[in-house]
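Overview (structure and organization)
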Amino acid sequence: MIWLYLSLFGVSFLAATVLPLGSEAALAAMVVHAESLWLPLFIATLGNVLGSATTFWLGQRARTVIDQRNRKIAERMQRAERWLGRWGTPALILAWLPVIGDVLVGVAGALDLPWLPSMAWITLGKALRYAAIGAAVLWV
């Protein structure tokens, strides 16, 4: 059973990076297999949040490269910066959204938004999404 949880963690982690991967099916399978919501929810959320923390960190490191080498990406970053600047760290509750969420997290890192509030909002959004998926699987 431990291998199943490690797999769920790994898929959830990778799904929170720029890789085109989803973790919802793995969570649903674990909820069915475990006949429980809480441990699969915790493992998937932990993996997904740590994946986002990695994306946040990469955003911090990539900022100087983007500014210096790619003007087109820098212009897109400026739009995202304006949006995040308007809404602040609470906008990171949307980090669970496909494609957009990863960009938000990377831009938050590039903007050097405060780490702890950013991770709190990211965790809340991801946990609520996984809880909704897991609860739906249990009720069906």
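Data block above holds the structure.
Residues numbered from 1 in each chain as written. Predicted model: local features only at pLDDT ≥ 70, side-chain atom pairs only at ≥ 80, totals over all residues. Heavy atoms only, no water.

Digging into the overall build of the protein chain
Along the protein chain, the regular secondary structure elements total 6 helices and 0 strands. What you see for the protein chain is a C-alpha radius of gyration of 16 Å, in line with the 14 Å of a compact globule of 140 residues. Along the first, second and third principal axes, the C-alpha set of the protein chain runs to 50 × 25 × 25 Å. Relative to its full complement of 140 residues, the protein chain shows a buried share of 41%. Of all intrachain contacts in the protein chain linking residues separated by at least 6 positions in sequence, the fraction that spans at least 24 positions is 74%. (Helix = DSSP H or I, 4+ residues; strand = E, 2+ residues; numbered from the N terminus. Rg over C-alpha atoms; globule rule 2.2 N^0.38 Å. Buried < 20%, exposed > 50% of the residue type's maximum accessible area, 1.4 Å probe, protein only. Contact = heavy atoms within 4.5 Å.)

Observations regarding the nonpolar core
One finds L84, L92, A108, M119 and I122 to be the most contacted residues of the largest nonpolar core, which totals 17 residues. Taken together, the elements giving at least two residues each to this core come down to helix 3 (38–69), helix 4 (71–87), helix 5 (100–110) and helix 6 (115–139). Look past the residues within four positions of A108 in its chain and what remains in contact with it is F56, L84, L92 and L113. The next biggest cluster of nonpolar side chains, apart from the first, holds 11 residues, and it includes Y5, L27, L37 and I43. (Core = buried A, V, L, I, M, F, W, Y, C linked by side-chain atoms within 4.5 Å.)

Let's talk about the pattern of salt bridges
Under the criterion given, the structure shown has 1 salt bridge. Between E24 and R129 there is a salt bridge, and its shortest N-O distance comes to 3.1 Å. Placement of the pair is E24 in helix 2 (residues 24–34) and R129 in helix 6, with a sequence separation of 105 residues. For E24, a relative accessible area of 31% puts it in the partly exposed group. The exposure class assigned to R129 is buried, which follows from its relative accessible area of 12%. (Salt bridge = Lys/Arg side-chain N within 4 Å of Asp/Glu carboxyl O.)

Quick notes on the environment of M1
Structurally, M1 can be placed in the segment before helix 1 (2–15). M1 gets classed as partly exposed once you look at its relative accessible area, which sits at 48%. Once the C-alpha coordinates of M1 and M30 are considered, the two residues, 29 residues apart in sequence, prove to be 9.7 Å apart. Excluding residues that lie within four positions of it along the chain, M1 makes contacts with H33 and A34.

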